[in-house]
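The chain contents come next:
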Amino acid sequence: MDKTLLGGLSPRTFLRDYWQKRPLLIRGAIPGFNGLLPREQLLDLARDEDVESRFIAHDGRNWEMERGPLPASLIRRPKTKPWTVLVQGLNMLLPEADALMRRFSFVPYARLDDVMVSYATDGGGVGPHFDSYDVFLLQGTGRRRWQISEQTDLTLIEDAPLRILKNFVPEHEWVLEPGDMLYLPPKCAHNGIAEGECTTYSIGFRTPSMQELATGFLDYLRDEICMPGMYADPDLALQADPAQLPAAMIDRVEAVLNTIKWSRKDVEAFLGGYLSEPKPHVFFDPLDDPLSPKRFAQQVSKHGVRLDGRTLLLRSGRQFWINGEPVELPAGSTDTLRELASARSVARIADHEGTLDLLYDWYCDGFLHTGAAID
Ligand code: SIN
Ligand code: CO
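Residues numbered from 1 in each chain as written. Chains lettered and ligands numbered in written order. Predicted model: local features only at pLDDT ≥ 70, side-chain atom pairs only at ≥ 80, totals over all residues. Heavy atoms only, no water.

Description of the overall build of the protein
Note the following rule: We count a stretch as a helix when DSSP gives it H or I for four or more residues in a row; a strand needs E for two or more, and each element gets its number in order from the N terminus. Each residue is placed in one exposure class: buried if its accessible area under a 1.4 Å probe, protein chains only, is under 20% of its type's maximum, exposed if it is over 50%, and partly exposed if it falls in between. Should any heavy atoms of two residues lie within 4.5 Å, those residues are considered in contact. We get accessible surface area from the Shrake-Rupley algorithm with a probe of 1.4 Å; when it comes to residues, only the shown protein chains can shield them. His is not counted, nor are the chain ends, whereas Lys and Arg count as positive and Asp and Glu as negative. For charged residues, the charge sits on one atom: NZ in Lys, CZ in Arg, CG in Asp, CD in Glu.
If you tally the helices and strands in the protein, you get 11 helices and 17 strands. Projecting the C-alpha coordinates of the protein onto the three principal axes gives extents of approximately 80 × 65 × 45 Å. Counting across all 375 residues of the protein, residues that qualify as buried make up 42%. When contacts within the protein are restricted to residue pairs at least 6 apart in sequence, long-range pairs at least 24 apart make up 77% of them. Accessible surface for the protein amounts to roughly 20,400 Å². Of this, 52% is attributable to carbon and sulfur atoms. Looking at charge distribution, the protein has the averaged site of its 41 positive side-chain charges lying 6 Å from that of its 54 negative ones.

Listed below in structure tokens is the structure:
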């Protein structure tokens, strides 16, 4: 990993002293970084219906927000107020953005979320707010003033179309230049104001709520459990009020529910499937005209394979999950899959039938492509 990315800190020190704890300003985190795509291309993405985007404008007091796909008329309209356009999931659209996100793989993939890019005109921004996840804010083109505060008052303005802090009191501020980066832990209040036109790349992390994890696990369990038998009450006692739920019924059902058990293996299987599940708007289109298996094998023996930017491939030991599904691992393919999961590409694939069959299926599903990765 580049020494500059964390300002000379080792990932271990960063995780110990800053991760989820305190903000860190890193000047020259990626020297020479000047954004990944030109403004026009970024604005075009915001018009695409398969891409998550937002338009935000403000006059200092009132905020306006529109969710994408953004009509060309909105983007082109002459504007009197500072405005910004945000495009989510850039890593799924642009291999260079995926490569940028992978620079942060000192944090497990299970915790990585996406790369968002924002374009703002002078004075533009999304207002003072806090996020519930960690974020690295990397300056692309131009300059942006960041104000931050570790205040505990996180009251939001009511009825605003986006989350704006009611009482933001900046404690520090810096102007970030291209390649500079600011790390913020969850709940750290921040406000980014463009100084002239600028673009900012946010590398965001995934922090599921405990409620989400628990309900997700119960959904998983519902598909796993198998409870035999039917409710029976051969000892039914006569009761005075038929509207009363029988106490014996509650006791009996409670006893049955208490037999539901789960193990660490279930938790592992749930997490693997749940965390590798594509986002709701992501759909893979199977290939219309795939290479033949033979041609595929020839291609990958020369050029290797790389995962599609939208594919999530996670593992726990020898167990793998791809895009929400457990993988049936053919004997002898663990090492290749391990490399693919970790590096997201493999330069050369050994001529191993089981592995090639599996990779071919994934290729036909659109989960991976032949050819080398982008650095
Ligand atoms: C932005 O890029 O304008 C917003 C990023 C953030 O505040 O999280
Ligand atoms: Co934010």
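A short note on the domain arrangement of the protein
The condition that has to hold: For the domains described, the bounds stem from an automatic or database domain assignment. Buried area is calculated as the accessible area (1.4 Å probe) missing from two parts once they are joined, with the contributions of both summed. The term salt bridge refers to a pairing of a side-chain nitrogen on Lys or Arg with a carboxyl oxygen on Asp or Glu at a separation within 4 Å.
As far as domains go, the protein holds domain 1 (11-205), domain 2 (210-276) and domain 3 (293-370). Computed over C-alpha atoms, the centres of domain 1 and domain 3 are 33 Å apart. Contact residues are listed per partner, giving six residues for domain 1 and six residues for domain 3. Carbon and sulfur atoms make up 58% of the surface buried where domain 1 meets domain 3, a total of about 520 Å² over both sides. Considering only the surface of domain 1 that becomes buried against domain 3, Met 92, Arg 102 and Tyr 109 emerge as the three largest contributors, covering 74% of it. Where domain 1 packs against domain 3, one counts one salt bridge.

A closer look at the sheet that holds strand S15 (residues 325-326)
Rules: Being paired, for any two strands, means DSSP has found at least two bridges between them. The axes are straight lines fitted to the C-alpha atoms, using for helices just the contacting stretch, and the angles between their N-to-C directions are given from 0 to 180°.
Spatially, the three strands line up as an open sheet ordered S13-S14-S15, and their pairing is antiparallel. The open sheet has two edge strands, strand S13 (313-316) and S15, and neither has a second partner. As judged from the two bridges shared by strand S14 (residues 319-322) and S15, these two strands associate in the antiparallel manner. Counted as the bridge partner of Trp 321 is Pro 326 from S15. Contacts between helix H8 (residues 264-275) and the sheet are confined to S13 and S14, with S14 contributing the most and set at about 30° to the helix.

Structural notes on the nonpolar core
Spelled out, the test is: Side-chain atoms within 4.5 Å are what join buried Ala, Val, Leu, Ile, Met, Phe, Trp, Tyr and Cys residues into a set we call a nonpolar core.
Within the largest apolar cluster, 46 residues are counted, with the highest numbers of intra-cluster contacts made by Phe 104 and Phe 136. For this core, the leading source of residues is strand S5 (residues 112-120), giving four residues. Filtering out sequence-adjacent residues up to four positions away, Phe 104 remains in contact with Leu 5, Leu 112, Phe 136, Met 181, Ile 203 and Phe 205. In this structure, Val 282, Ile 322, Tyr 363 and Leu 368 belong to the second largest nonpolar core, which totals 25 residues.

A few points about the sheet that holds strand S17 (residues 368-370)
The sheet built from three strands is open, its strands ordered S16-S12-S17 with antiparallel pairing. If you trace the sheet from one side to the other, it starts and ends with strand S16 (345-346) and S17, each paired once. Here strand S12 (residues 305-307) runs beside S17; their pairing, made up of three bridges, is antiparallel. Among the inter-strand pairings, Leu 307 is bridged to a residue of S17, identified as Leu 368. In the packing of helix H9 (residues 293-303) onto the sheet, contacts are made with S12 and S17, and the angle to S17 comes to roughly 80°.

Comments concerning the coordination of the cobalt ion (ligand 2)
When four donors bind a metal tetrahedrally, each ideal donor-metal-donor angle is 109.5 degrees, and when six bind octahedrally, the ideal angles are 90 or 180 degrees. What counts is decided by this rule: Shown as donors are all N, O and S atoms within 2.8 Å of a metal ion, widened to 3.2 Å for Na, K and Ca; because water is not in the atom set, sites may appear incomplete.
Protein coordination at the cobalt ion (ligand 2) comes from His 129 (NE2), Asp 131 (OD) and His 190 (NE2), with a distance range of 2.1 Å. Between the donor residues of the cobalt ion (ligand 2), the gaps in sequence give the motif H-x1-D-x58-H. Residue classification places His 129 among the buried positions, given a relative accessible area of 9%. Here Asp 131 falls in the buried class, since its relative accessible area comes to 12%.

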